[in-house]
Amino acid sequence: MSELIADRNCKQDLVEVKHLVKYFPVRSGLRQRITAWVQAVDDVSFTIKAGETLGLVGESGCGKTTVGRTILRLLEPNSGSVYFEGQDVLSLRGPELKVMRRSMQIIFQDPYSSLDPRKQIGECIAEGLHIHKIGTPSERRNTVMELIRKVGLEDYHTKRFPHEFSGGQRQRIGIARALALQPKFIIADEPVSALDVSIQAQVLNLLRTLQDDFNLTYLFIAHNMSVIEHISDRVAVMYLGKIVEIAQTRELFNNPLHPYTVALLSAVPVPDPRLKKERVILRGDVPSPLNPPSGCRFHPRCPQVMHDICPIKEPPHKEVESDHWVACWLYE
Ligand code: SF4
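Cut-offs and rules
- Residues numbered from 1 in each chain as written.
- Predicted model: local features only at pLDDT ≥ 70, side-chain atom pairs only at ≥ 80, totals over all residues.
- Heavy atoms only, no water.
- Pairing = 2+ DSSP bridges.
- Helix = DSSP H or I, 4+ residues; strand = E, 2+ residues; numbered from the N terminus.
- Axes fitted to C-alpha atoms, helices over the stretch in contact; angles between N-to-C directions.
- Contact = heavy atoms within 4.5 Å.
- Salt bridge = Lys/Arg side-chain N within 4 Å of Asp/Glu carboxyl O.
- Buried < 20%, exposed > 50% of the residue type's maximum accessible area, 1.4 Å probe, protein only.
- Domains from an automatic or database assignment.
- Buried area = accessible area lost by both parts, 1.4 Å probe.
- Polar contact = N/O pair within 3.5 Å; in protein donor to acceptor, adjacent residues only side chain to side chain.
- Nonpolar A, V, L, I, M, F, W, Y, C, P; charged D, E, K, R; others polar.

Asks: Explain the sheet that holds strand β7 (residues 185-189) to me, using residue names and the numbers behind them.
Replies: Reading across from one edge, β6-β7-β8-β3-β9-β10-β12-β11 is the order of the 8 strands in this open sheet, with mixed pairing throughout. Among the strands making up the open sheet, the edge pair consists of β6 (104-107) and β11 (318-321). Neighbour to neighbour, the strand axes of the sheet diverge by 20° on average, direction disregarded. Where β7 and strand β8 (residues 217-222) come together, 5 bridges link them in parallel fashion. From the neighbouring strand, F185 faces β8, where its bridge partner is T217. Against the sheet, helix α3 (residues 94-103) contacts β6 and β7, and its axis sits at roughly 55° relative to β6. With respect to the sheet, helix α7 (residues 197-214) is in contact with β3 (53-57), β6 and β8, its orientation differing from that of β8 by roughly 160°.

Asks: Can you lay out the pattern of salt bridges for me, pointing to particular residues and giving the numbers?
Replies: Oppositely charged side chains are able to pair whenever their charged atoms sit close together. Summed over the entire model, instances satisfying the criterion amount to 16 salt bridges. Salt-bridge contacts for R297 lead to D42; the nearest nitrogen and oxygen are separated by 2.6 Å. Taken as a pair, R297 in the loop between α10 (259-266) and β11 and D42 in strand β2 (residues 33-49) lie far apart in primary sequence, 255 residues in all. As far as burial versus exposure is concerned, R297 and D42 are alike and both buried. Through salt bridges with shared partners, a single network forms among D42, K242, R297 and E314.

Asks: A description of the domain arrangement of the chain should follow, citing residues and the corresponding values.
Replies: Parsing the chain into structural domains produces domain 1 (2-103 + 184-271) and domain 2 (116-182). Once you take the C-alpha centre of each, domain 1 and domain 2 turn out to be 26 Å apart. Listed as interface residues are 15 residues of domain 1 and, on the opposing side, 14 residues of domain 2. When domain 1 packs against domain 2, the two sides together hide about 1,300 Å² of surface, and 71% of this comes from carbon and sulfur. For the domain 1 face of the interface with domain 2, the top three residues by lost area are K98, R102 and L206, together amounting to 40%. For the interface between domain 1 and domain 2, the tally reads 1 salt bridge. The partner of K150 in a salt bridge is D213, and the shortest N-O contact between them spans 3.1 Å. The interface formed by domain 1 and domain 2 holds 4 residue pairs in polar contact (both at pLDDT 80 or more) in total. Breaking the side of domain 1 that touches domain 2 down by element, the ones donating at least two residues are α3 and α7. The class makeup of the residues in the side of domain 1 that touches domain 2 is 10 nonpolar, 1 polar and 4 charged.

The following block contains the structure:
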């Protein structure tokens, strides 16, 4: 499938994810036997070009964050493969994995929980440099100062503690921390979801500027379609552990094909009262990933379900327009 949904322009793939599967065991009883599996990520494939931002969007609990953490090996997948610059990430162990981790960093939704409250911010940012034994103490100090200015904070902030900062400032610190090891690839996991709207725009613009300055590649995870539209070059839409549609951002927003993408986009407010938009209301809640629906996982909520095929057979990915892939029987 990854071969199918790979982008075809000439830039090189930096990240390639193939048939990624991550199930979490559910244990119960006195002996804590495995009684079921949460199918968080099920056969997910995509590529990300060098310098590109791929937006990964879907409702809470659809498996977006699990995809990001599995790529970085913060979680071990059940099967599938992840390639970074052509190197098999899942086969790396010990020192090789440590070296690889310098090139791949993560920005968390809640930077406060990833900062040690007893350490000054300067120390927090320099932590990765210490772990990887990069530079002399004065070189590390200079690097921290450069980064703190780069993310729009002041030199004196390095002496302060995490609780002395606002949410937006903490996210800037999280970004500086991710940049300290000069990564090529950053997974931004809902980096603006917890921020006020005005601060969201500032952090998104900062991420864009840094992408140009440092030639970064992003996997940008979010549930907000407007944020995804603002930052992404391409967008992958996830539903219940699977990617259902992937396309260039403009193409996806102008011409959504999968009924789930259509429903997501119909909920995005339009800042023009003269434009009337028909809202697609989906039936019911997202089913449990413990026992996902058969065939197309979206079929119990789909307004266009075809009962003779959708609940029976899983739709394959198909390139319906140039570089626009969708998994839906409507397009077979
Ligand atoms: Fe709806 Fe069927 Fe398409 Fe699934 S495959 S999105 S149920 S029409």
